[in-house]
Amino acid sequence: MPTLLEELSRVKTYEYTAEDVREFEALHDEIRALKAERNAVIVAHNYYRPEILKIADFVGDSLELALMAAKVKDADVICFCGVHFMAETAKILNPGRTVLLPNLLAGCQLADAAPAEDLAARIEELRRDFPDLAVVSYVNTTAAVKALSDIICTSANAGKVVASLPNRNILFVPDRNLANHVAEQVPDKNIIAWEGFCYVHQQITPEEIGRIRANDPELEILVHPECRPDVAKLADAVLSTSGMVRYAKECSATRFLVVTECGLSDRLAMEVPDKQFVKGCKLCTFMKVTSLEDVRDSLARMRYAIEVPEEVRVPAERALRRMFEVTEGKPGPATC
Ligand code: 13P
Ligand code: SF4
C-alpha cells in the first residue's frame, strides 16, 4: 500500500512537499473524526484537489455522483466536494438530508450561462414553431433550469438520453459543444443548441493537441465532450471524466493524452501508476477553490447547507429520475 507522500508525488499539477503531506495527514485525521461525529459521507468530483480525493468516500463524474446521491441510505450529512449544481443535485435527490458545499465560491460558469428566466422565454418561443419540443438539460445547470426540463443528461449518457425520446425537436441546454456531439450520435433529431460553453474546455485548441500528437504519435487521445468539435475530431475516444478512468484502466494502450480539466490526469497518475498520462488540459478555478481546511470547517460548523425550494425540487427531481430510468442507473461506456 503506497503512502500518501508516494501517491501525491505522482501528481503533476502541484509540487507537494513532505511538510504539505504531513499537514494533509493531520487534517485527514480531524476530518475522519468529524465525519464519524456527524454521520457524514464525503463525495468528490474527479477534478478536485488530490488531497481531497484521498479523504473522500466516493470519487466520480457527475453521473456517478448523482447515482451515489440517489442511493445514500445511512448518512445524515453529505459533504459535497464538487461545484454548486452538483451539491444542488444531491439535495434534490436527498431532501431529508443535510447537503454541505464546503466553499460557496465553487460555482460553474457553464451552469450560469443558462438563467432559468431566459430558458423559460426560449422554450415559449420555440414551442410556437416546434410543438413537440423536448427540453434536455445537461446536469451542469441550476435546479431552476432542471425544473423546466423534460429530462436531464450527463456527459456519460447524453446521446442515450436524447435517443430515448420520441420527440424529434430537442432544445439542448446549456453546452453547445456537447449538443454538437449528441447531434452526431443521434442524427435523426433536430438538436437546437443553447449557446453556452465551458471556459475551461473551450480554451483547448486543435493546434495544441496537434502539436503534442506530432511529437508523440503513439499517444491515445481521450477528449471530454465539452471540448470544441475540432478538438473532439482528433480524439480516439470522447468520454466523460470517469469514462476516461475506465478506458485508461481497461484498455491495453499504456500512454494517453488526457484532454479535459487537469485534475483528471492527477487522479489517473495516482490510480494507474503503471501507465503514462500526458496532460492536454486547463485548470477550472471553481473546482480548485476548495481546500482541505474548507472541508474540515464545513463538517465542524455544518456549512454551507444547500437548500432547494419544494416547488423547484419536485419537478427537478422528476427530470433527474427520468434520466435514471432511461439509463437504468448505469455508468457510461468505456469502449476501447
Ligand atoms: P463529468 O460528468 O464528465 O465529470 O463532467 C463534469 C464537468 O463539469 C466537466 O467540466
Ligand atoms: Fe463548470 Fe467547466 Fe468547471 Fe466543469 S470545468 S465545473 S463545466 S466551469
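Each chain carries its own residue numbering, running from 1 in the direction its sequence is written. By the order in which they are written, chains take letters starting at A while ligands take numbers starting at 1. Residues qualify for local features only when their pLDDT is at least 70, as the model is predicted, and side-chain atom pairs are given and counted only at 80 or more; totals for whole chains, interfaces and linings, by contrast, use all residues. Only hydrogens and water are set aside when side-chain values are computed; all heavy atoms of the structure are taken into account.

1. Considering the site of ligand 1
- We call a residue near a molecule or strand as soon as one heavy atom of that residue lies within 4 Å of the molecule or strand. Around ligand 1 sit His45, Tyr47, Asp61, Ser62, Tyr138, Asn140, Ser155, His201, His224, Glu226, Ser240 and Thr241, and that is every residue in its neighbourhood.
- Distance and chemistry together define a polar contact, namely a pair of N or O atoms within 3.5 Å, with one atom able to donate a hydrogen and the other to accept it when in protein, and with adjacent residues in sequence counting only for side-chain atoms on both sides. Take Asn140: an N or O atom from its side chain is 3.2 Å from an oxygen atom of ligand 1.
- With respect to ligand 1, the side chain of His224 contributes an N or O atom lying 2.8 Å from an oxygen atom.
- The fraction of the free accessible surface of ligand 1 (300 Å²) that becomes covered by protein chains is 96%.
- Side-chain classes are defined by residue name, with Ala, Val, Leu, Ile, Met, Phe, Trp, Tyr, Cys and Pro counting as nonpolar, Asp, Glu, Lys and Arg as charged, and the others, Gly among them, as polar. Residue composition of the shell around ligand 1, grouped by class: two nonpolar, eight polar and two charged. All accessible-area figures derive from a Shrake-Rupley calculation using a 1.4 Å probe, and residue coverage is judged against the displayed protein chains alone.

2. Focus on the pairing of strand β9 (residues 220–223)
- Neither face of β9 is left uncovered, since the one carrying Glu220 and Leu222 and the one carrying Ile221 and Val223 both have all their residues buried.
- Two elements, β9 and strand β11 (residues 255–259), share four bridges in a ladder whose sense is parallel. Among the inter-strand pairings, Leu222 is bridged to a residue of β11, identified as Val258.
- Paired strands are those between which DSSP finds at least two bridges. Secondary structure elements follow DSSP: runs of H or I of four or more residues count as helices, runs of E of two or more count as strands, with numbering from the N terminus. Here two bridges tie β9 to strand β10 (residues 237–238), and the two strands are oriented parallel to one another. Bridged to Val223 within β10 is Val238. Each residue is placed in one exposure class: buried if its accessible area under a 1.4 Å probe, protein chains only, is under 20% of its type's maximum, exposed if it is over 50%, and partly exposed if it falls in between.

3. Things to note about the packing of helix α2 (residues 18–38) against helix α17 (residues 292–301)
- Between α2 and α17, the shortest axis-to-axis distance is 9 Å and the interhelical angle comes to 25°. In this view, α2 runs roughly parallel relative to α17, as classed from their interaxial angle. Handedness of the α2/α17 crossing: left-handed. On the side of α2, the interface is formed by Phe24, Leu27, His28, Glu30, Ile31, Leu34, Lys35 and Arg38, while α17 contributes Leu292, Glu293, Val295, Arg296, Leu299, Ala300 and Arg301.
- Taken together, the residues of the contact of α2 with α17 break down into eight nonpolar, one polar and six charged. Axis definition: a line fit to C-alpha positions, over the contact stretch in the case of helices; interaxial angles, taken between N-to-C directions, run 0 to 180 degrees. Angle categories are assigned with fixed cut-offs, so that under 35 degrees is roughly parallel, over 145 is roughly antiparallel, 65 to 115 is roughly perpendicular, and the rest are oblique. The sense of a crossing depends on the near helix, which, turned anticlockwise from the far helix by less than a right angle, makes the crossing left-handed and, turned clockwise, makes it right-handed. Two residues qualify as a contact provided that any one of their heavy atoms is within 4.5 Å of a heavy atom in the partner residue.

4. As for the packing of helix α5 (residues 84–93) against helix α18 (residues 310–327)
- The interhelical angle for the contact between α5 and α18, taken along N-to-C directions, is 95°, at an axis separation of 9 Å. In this view, α5 runs roughly perpendicular relative to α18, as classed from their interaxial angle. Mapping the contact onto sequence places Thr89, Lys91, Ile92 and Leu93 in α5 and Arg313, Ala316, Glu317, Leu320, Arg321 and Phe324 in α18.
- Residues of the contact of α5 with α18, tallied by class, amount to five nonpolar, one polar and four charged.

5. Details of the site of ligand 2
- Near ligand 2, the surroundings consist of Tyr47, Cys108, Gln109, Leu110, Asn140, Cys198, Tyr199, Val200, Glu226, Cys284, Phe286 and Met287.
- Elements supplying a minimum of two residues to the shell around ligand 2: α6 (109–112), α11 (199–202) and α16 (285–288).
- The residue inventory of the shell around ligand 2, partitioned by class, reads nine nonpolar, two polar and one charged.

6. Thoughts on the pattern of salt bridges
- A side-chain nitrogen of Lys or Arg and a carboxyl oxygen of Asp or Glu constitute a salt bridge if their distance falls within 4 Å. Evaluation of the coordinates by the stated rule reveals 23 salt bridges.
- Across the pair Lys54 and Glu7 runs a salt bridge whose closest N-O atoms are separated by 2.8 Å. In this pair, Lys54 sits in the loop between α3 (50–53) and β2 (58–60) while Glu7 sits in helix α1 (residues 4–8), placing the two residues 47 residues apart along the sequence.
- A relative accessible area of 12% means that Glu7 is categorised as buried.
- In this structure, Lys35 and Asp57 form a salt bridge, with 2.7 Å as the shortest nitrogen-oxygen distance.

7. Details of the sheet that holds strand β7 (residues 169–173)
- Strand order in the open sheet made by the four strands is β6-β5-β7-β8, with parallel pairing throughout. Both outer strands of the open sheet, β6 (151–153) and β8 (190–193), are each paired with one neighbouring strand and no more. Strand-to-strand twist across the sheet, computed as the mean angle between neighbouring axes with direction ignored, equals 30°.
- Pairing of β7 with β8, which is carried by four bridges, proceeds in the parallel orientation. By the bridge assignment, Leu171 is partnered in β8 with Ile192.
- Docked against the sheet, helix α10 (residues 176–185) engages β5 (134–138), β7 and β8, running at close to 175° with respect to β8.

8. Focus on the packing of aromatic side chains
- Under the pairing criterion, centres of Phe, Tyr and Trp rings, with the six-membered ring standing for Trp, must be within 6.5 Å; the plane angle then separates stacked pairs below 30 degrees from edge-to-face pairs above 60, leaving the rest tilted. If you walk through the whole model with that rule in mind, you get five aromatic pairs.
- Considering the side-chain rings of Tyr16 and Phe24, the 5.3 Å spacing of their centres and the 85° angle between planes classify their relative orientation as edge-to-face. The pair Tyr16 / Phe24 is uniform in exposure class, with both members buried.
- Ring geometry for Tyr199 against Phe286: centres 6.2 Å apart, planes inclined by 85°, an arrangement best described as edge-to-face. With Tyr199 in helix α11 and Phe286 in helix α16, this residue pair connects regions lying 87 residues apart in the sequence.
- According to the relative accessible area criterion, Tyr199 is partly exposed, its value standing at 26%.

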